[in-house]
Amino acid sequence: MAKKVLIVSNSSDLHADLVVPILIGKGCTPFRLDLDRFPRDYELCQRFRQGEWGGDLRHLPSDQRVGMGEIGAVWARKPAEYAFRSAELAAQELAYARQETEQALFGLLMALDCFWIGHPSAVRAAMWKGEQLKRAMALGFRVPATIVSNAPARVRAFRQGVPGEIIFKSMSTPALGADEVAEELRLAGGIGTTIVSEEMMDNIDAVGELACQFQEYIPKQYELRVTIIGGQLFAAKIHSQDDARTMVDVRDMAAEIRYEATTLPAEIEQRCRAFVASYGLQFGALDLIVTPDGEHVFLENNPAGQFLYIEQLIPEFKLLETLADTLLRGAA
């Protein structure tokens, strides 16, 4: 019997919405576990008896079921807050429910011996920006001169030692935590990559409260988004310098800049593949700069990054289908 695919995500994940019908069209009906509806809409069981292990999941609204022994591949796509049947849990009850749910679910999933795209342990190991820079340098990439510190004097010294401008860039999320609190409690909507002004330097003592990342600003000819899925690499050339809104931070999707398929130099392609593989990952979304002199500079890797927008802007990149095929090969 053919092995099944398990998709772990949330109900608002458009990537998963689009991959599911591709898998069905290829003869595989995946089991989708939406964490923002778990455990409310699911039944879980894990069993140990007489030296044997087993477990299963059931989606209550549809009565779809999957046994752990049936699963050949897992796509761990996106996290979400759990949902419980009672809406009136006290604060301590809710805290305990979340902790026990985490233990129950991942105690089951992490026991699977199968193919993963985004194994939680590998993704967590790959998410730390400082470690990424060190690893990238070891693989031969140039990385921006960088400091992460909560010592204002060291940030001032770093600024004086950089010949051009420097930038501030959040290490976790440009949303500045706004997505983690209720709307009425939000103090700011977020901040993208920002060139540090003299006024900001005058207030640099504020980093004494929180370690921040600063980097040299590197002039760009264009940028690259390199997506690796399984054994395939897709390099998107991003003309970020065509619009003032994306010159410093390319993430302003309101700017209609050009994205086009490109081919990387063999050495750069090898480094990108080696970087993702070094974590034991099947997926990576790397951001690079190409300078006016043609040098490739590593910025970061997104081990569970967005990729649908790349396919929408470069339709010849069949990223969704490539991911589906990779899951099916892994399951087999």
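This text goes with the structure placed above it.
Residue positions are given per chain, counted from 1 along the sequence in the order it is written. For this predicted model, a pLDDT threshold of at least 70 governs which residues receive local features, and a threshold of 80 or more governs which side-chain atom pairs are given and counted, while totals over whole chains, interfaces and linings are taken from all residues. Note: side-chain values were computed over all heavy atoms of the structure, leaving out hydrogens and water.

K.L.:
I tried to follow the sheet that holds strand 10 (residues 194–195) on my own but got confused; where do I start?
P.N.:
Within a sheet, each strand pairs with its neighbour through backbone hydrogen bonds, oriented either parallel or antiparallel. Read across the sheet, four strands follow the order 8-11-9-10 without closing on themselves; strand pairing throughout is antiparallel. Only two strands of the sheet have a single neighbouring strand rather than two, namely strand 8 (146–149) and strand 10. At least two DSSP bridges between two strands are required for those strands to pair. Starting at the N terminus, helices and strands are each numbered in turn, a helix being any DSSP run of H or I of at least four residues and a strand any DSSP run of E of at least two. As defined by bridge partners, strand 9 (residues 166–168) adjoins strand 10 across two bridges and the pair is classed as antiparallel. Opposite F168, over in strand 10, you have T194 as the bridge partner. Any pair of residues with heavy atoms lying within 4.5 Å of one another is described as a contacting pair. Only the stretch in contact is used when a helix axis is fitted, and all axes are lines through C-alpha atoms; the angle between N-to-C directions ranges over 0 to 180 degrees. Each of strand 8, strand 9 and strand 11 (212–216) touches helix 5 (residues 152–161); the most contacted strand, strand 8, lies at about 170 degrees to it.

K.L.:
Just checking my understanding: could you explain unusual backbone geometry for this structure?
P.N.:
Leave glycine aside and you will find that most residues have negative phi; peptide bonds, for their part, are mostly trans. Note that the residue after F38, namely P39, is joined by a cis bond; omega there is 5 degrees. Along the polypeptide, P39 turns up in the loop between strand 2 (31–34) and strand 3 (42–49). A positive phi angle, close to 50 degrees, is found at Q50, a residue other than glycine. For Q50, the position within the fold is in the loop between strand 3 and strand 4 (52–59). Phi at D63 takes a positive value of approximately 65 degrees, unusual for a residue other than glycine. For D63, the location among the structural elements is in the loop between strand 4 and strand 5 (64–67). For D63, a relative accessible area of 38% translates into the label partly exposed. Only protein chains enter the accessibility calculation, which uses a 1.4 Å probe. A residue is then buried if its area is under 20% of the maximum for its type, exposed if over 50%, and partly exposed in between.

K.L.:
Even after reading the chapter, I still don't get helix 5, so can you show me in this structure?
P.N.:
For an α-helix, 3.6 residues make a turn, and residues three or four places apart therefore share a direction. Taken as a whole, helix 5 has its buried residues at P152, V155, F158 and R159. Buried residues of helix 5, seen end-on, are gathered within an arc of 120 degrees and therefore sit on one face of the element. In helix 5, the exposed residues that point more than 90 degrees away from the buried face are A153, R154, Q160 and G161. Note that the arc is computed from the directions linking the helix axis to the C-beta atoms.

K.L.:
Even after reading the chapter, I still don't get the nonpolar core, so can you show me in this structure?
P.N.:
The nonpolar side chains of soluble globular proteins are, as a tendency, buried together. The criterion is simple. A nonpolar core is a set of buried Ala, Val, Leu, Ile, Met, Phe, Trp, Tyr and Cys residues joined through side-chain atoms within 4.5 Å. In this structure, V5, W75, L323 and L327 are the most contacted members of the largest nonpolar core, which totals 32 residues. Broken down by element, the residue count for this core peaks at six residues, all from helix 9 (residues 319–331). If sequence neighbours within four positions are ignored, W75 has contacts with L6, I7, V8, H15, A16, V19, I117, F307, L323 and L327. Core analysis: the second largest hydrophobic core is formed by 24 residues, V226, V276, Y279 and F298 among them.

K.L.:
Explanation requested: the pairing of strand 16 (residues 296–302) in the structure shown.
P.N.:
When a strand is regular, its side chains alternate between the sheet's two faces. Within strand 16, seven of the seven residues are buried, which leaves it mostly tucked inside the rest of the structure. Two elements, strand 15 (residues 283–290) and strand 16, share six bridges in a ladder whose sense is antiparallel. From the neighbouring strand, I289 faces strand 16, where its bridge partner is V297. Hairpin connection of strand 15 to strand 16: five residues between the antiparallel strands, including G294 at a positive phi of 85 degrees.

K.L.:
Just checking my understanding: could you explain the packing of aromatic side chains for this structure?
P.N.:
Any pair of aromatic rings gets described here by the distance separating the centres and the angle formed by the planes. For Phe, Tyr and Trp, where Trp contributes only its six-membered ring, two rings pair if their centres lie within 6.5 Å, and the inter-plane angle classes them as stacked under 30 degrees, edge-to-face over 60, or tilted in between. By the definition in use, this model includes 10 aromatic pairs. With a centroid separation of 5.4 Å and 70 degrees between ring planes, the pair formed by F275 and Y279 is classed as edge-to-face. Here F275 and Y279 have matching classes, each one buried. On the numbers, 5.0 Å between centres and 45 degrees between planes, the contact of F275 with F298 is tilted. In this pair, F275 is assigned in helix 7 (residues 266–277) and F298 in strand 16, connecting sequence segments 23 residues apart. Ring pairs connect the aromatic residues F31, F38, Y42 and Y82, which therefore count as one cluster. Above the plane of the ring of Y279 lies R135, whose end atom (NZ or CZ) is 3.8 Å from the centre. Only when the NZ atom of a Lys or the CZ atom of an Arg is both within 6 Å of the ring centre and within 35 degrees of the ring normal do we say a charge sits over the ring. Above the face of the F141 ring, R271 is positioned so that its terminal group lies 5.8 Å from the ring centre.

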